[in-house]
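Listed below, chain by chain, are the residues.
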Amino acid sequence: MTDLLDFDTPERFLEGLNAWVGIESPTSDAAAVNRVMDRAQADFERIGATVERVPGTGGRGDHLVVRAPWNAGSNERGVTLLSHLDTVHPIGSLALNPIRTEDGRAYGPGINDMKAGAHAGFAALRRLLEEGRTTPLPLTLVYVSDEEVGSQTSQALIEAEAKRSKYVLVLEAARGGGRVVTSRKGLARYDLAVRGVPAHSGSAHRNGRSAVKELAHQILALERMTDYDRGVTVSVGMISGGTAANVVPEHATCSIDLRVPTMADARELTARIEGLAPVTPDVTLTITGGMNRFPYSKPERPDVAALFDHARSLAADIGFDLQDLPSGEGSGGSDGQFCIPYAAVLDGLGPFGGGSHTNGEFLDVSTIVPRGTLLLHLLQTLR
Ligand SMILES: [Zn+2]
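Residues numbered from 1 in each chain as written. Predicted model: local features only at pLDDT ≥ 70, side-chain atom pairs only at ≥ 80, totals over all residues.

### So, the domain arrangement of the chain
At step 1: The assigned domain composition of the chain is domain 1 (10–184 + 296–381) and domain 2 (186–293).
At step 2: Taken together, the contact pairs seven residues of domain 1 with six residues of domain 2.
At step 3: Class assignment of the residues belonging to the side of domain 1 that touches domain 2 gives a composition of no nonpolar, six polar and one charged. (Domains from an automatic or database assignment. Contact = placed C-beta atoms within 7 Å. Nonpolar A, V, L, I, M, F, W, Y, C, P; charged D, E, K, R; others polar.)

Dropping the structure here:
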């Protein structure tokens, strides 16, 4: 194990990281996101990596696909490091949470979510290149511009790179206490549209078929699908319907959010939602939508379990105990879920701090070296 490289000092890492944090990059401001992409691209080109710039679409910023020089000509499935360089913080946040290091904490907008992790990927590749090392598998780093709003414009790119990958390491910050994520709930979104029969609510009520009344039946049926013991939730988040108080409503709609812990649950619950039938005669239901992020869990995926076990043993050699979140607690969406059909995914490998999405966001400086070293050692040993 003595042959494995050490990571940057915290001072060197923070110098490079602060240059990225100092360029504000809210998702909604494509020009701002492109400025941090410019900086990252220049940094990677300076160290000799190959950078492909993927133009933004739909008003979002560009994405970067960075390849290690030793990838050239290889068709072998490799390792992809996945990051985003957009943040939730509007322009001006830098004045509210200025770049500074105090009491072992490095502050700045987006430093924890997730410029520190994003920069750890850069710093790891720089260490390899400056020491003249390579990795056993091809190495690719992907930087997207729109993760904080759901990655609509980068999903296809992420999936394409995942198909070329054996492993996807997501460099988001570790969770509380440094836990990585080995399970994520799946998410489905649906819209339900009810069409009834309109009528005057006074003179012809008997002839009407109320879409609102039918929707009320459907909402109760949907919410009854929730099963906390199984980790399944169905929530109706928005409703609308009707045109006037004195009209039996012809139209009503609702939006549905489904969370499931396993693929088996996903198949069962999506079939139940898609199979909803009207309880009122002469009324029709139209259900659109489907799975948006796939669920996965370590017990269901031996490749994820093996990847975690390998990372855990490397961490033990470095001197810390790597834990993962209990199954079912990784319920927020992640770009790693676009990759899970194609590759083993380990999420939350970045250095970490706290206060994400607030003006107190910080990185715990003491996590830089152990997490960066773990990343470097993974890159040098995954095969
Ligand atoms: Zn993030």
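More follows now that the structure is in view.
### A look at the environment of Pro98
At step 1: Secondary-structure assignment places Pro98 in the loop between helix H3 (93–96) and strand E4 (100–102).
At step 2: Here the alpha-carbon distance between Pro98 and Gly360, two residues 262 residues apart in the chain, equals 9.5 Å. (Helix = DSSP H or I, 4+ residues; strand = E, 2+ residues; numbered from the N terminus.)

### Focus: unusual backbone geometry
At step 1: With an omega of -5°, the peptide bond running from Asp113 to Met114 counts as cis.
At step 2: Of note, Met114 is situated in helix H4 (residues 111–130).
At step 3: For Asp103, which is not glycine, the phi dihedral falls at a positive 50°.
At step 4: Along the chain, Asp103 falls in the loop between E4 and strand E5 (105–107).
At step 5: Its identity is not glycine, yet His357 carries a phi of approximately 65°, on the positive side.
At step 6: One can find His357 in the loop between strand E15 (353–354) and strand E16 (362–364).
At step 7: For His357, a count of 13 C-beta atoms within 10 Å puts it in the partly exposed group. (Buried ≥ 20, exposed ≤ 12 C-beta atoms within 10 Å, placed from the backbone.)

### What about the packing of helix H8 (residues 302–318) against helix H10 (residues 368–381)?
In a pair of packed helices, the angle between the axes and the distance between the axes together describe the arrangement.
At step 1: The geometry of H8 relative to H10 is characterised by a closest axis approach of 10 Å and an angle of 125° between their N-to-C directions. With respect to their mutual orientation, H8 and H10 come out oblique. Like other packed secondary-structure pairs, H8 and H10 cross with a definite hand, here right-handed. Residues Ala311, Leu314, Ala315 and Ile318 of H8 touch H10, and the partners they reach there are Pro370, Thr373, Leu374, His377, Leu378 and Thr381.
At step 2: Broken down by class, the residue content of the contact of H8 with H10 amounts to seven nonpolar, three polar and no charged. (Axes fitted to C-alpha atoms, helices over the stretch in contact; angles between N-to-C directions. Parallel < 35°, antiparallel > 145°, perpendicular 65-115°, else oblique. Left-handed = near helix turned anticlockwise from the far one by under 90°.)

### Notes on the sheet that holds E16
At step 1: Overall, antiparallel pairing links the four strands, which are arranged E4-E5-E16-E15 in an open sheet. Among the strands making up the open sheet, the edge pair consists of E4 and E15.
At step 2: Here E5 runs beside E16; their pairing, made up of three bridges, is antiparallel. Each bridged residue has a counterpart across the sheet, and for Arg105 the counterpart in E16 is Asp364.
At step 3: Packed on one face of the sheet, H4 meets E5, E15 and E16 and runs near 55° to E16. (Pairing = 2+ DSSP bridges.)

### Some points on the sheet that holds strand E7 (residues 165–170)
At step 1: Pairing in this open sheet of six strands is mixed, and the strands run E1-E2-E6-E3-E7-E14 from one edge to the other. One side of each edge strand has no neighbouring strand; the edge strands of this open sheet are strand E1 (50–54) and strand E14 (344–347). Neighbouring strand axes in the sheet, compared pairwise and without regard to direction, differ in orientation by 20° on average.
At step 2: Strands strand E3 (78–84) and strand E6 (139–144) of the sheet are contacted by H4, whose axis makes an angle of about 145° with E3.
At step 3: Packed onto the sheet, helix H5 (residues 155–163) meets E1, strand E2 (63–67), E3, E6 and E7 and runs at close to 170° relative to E6.

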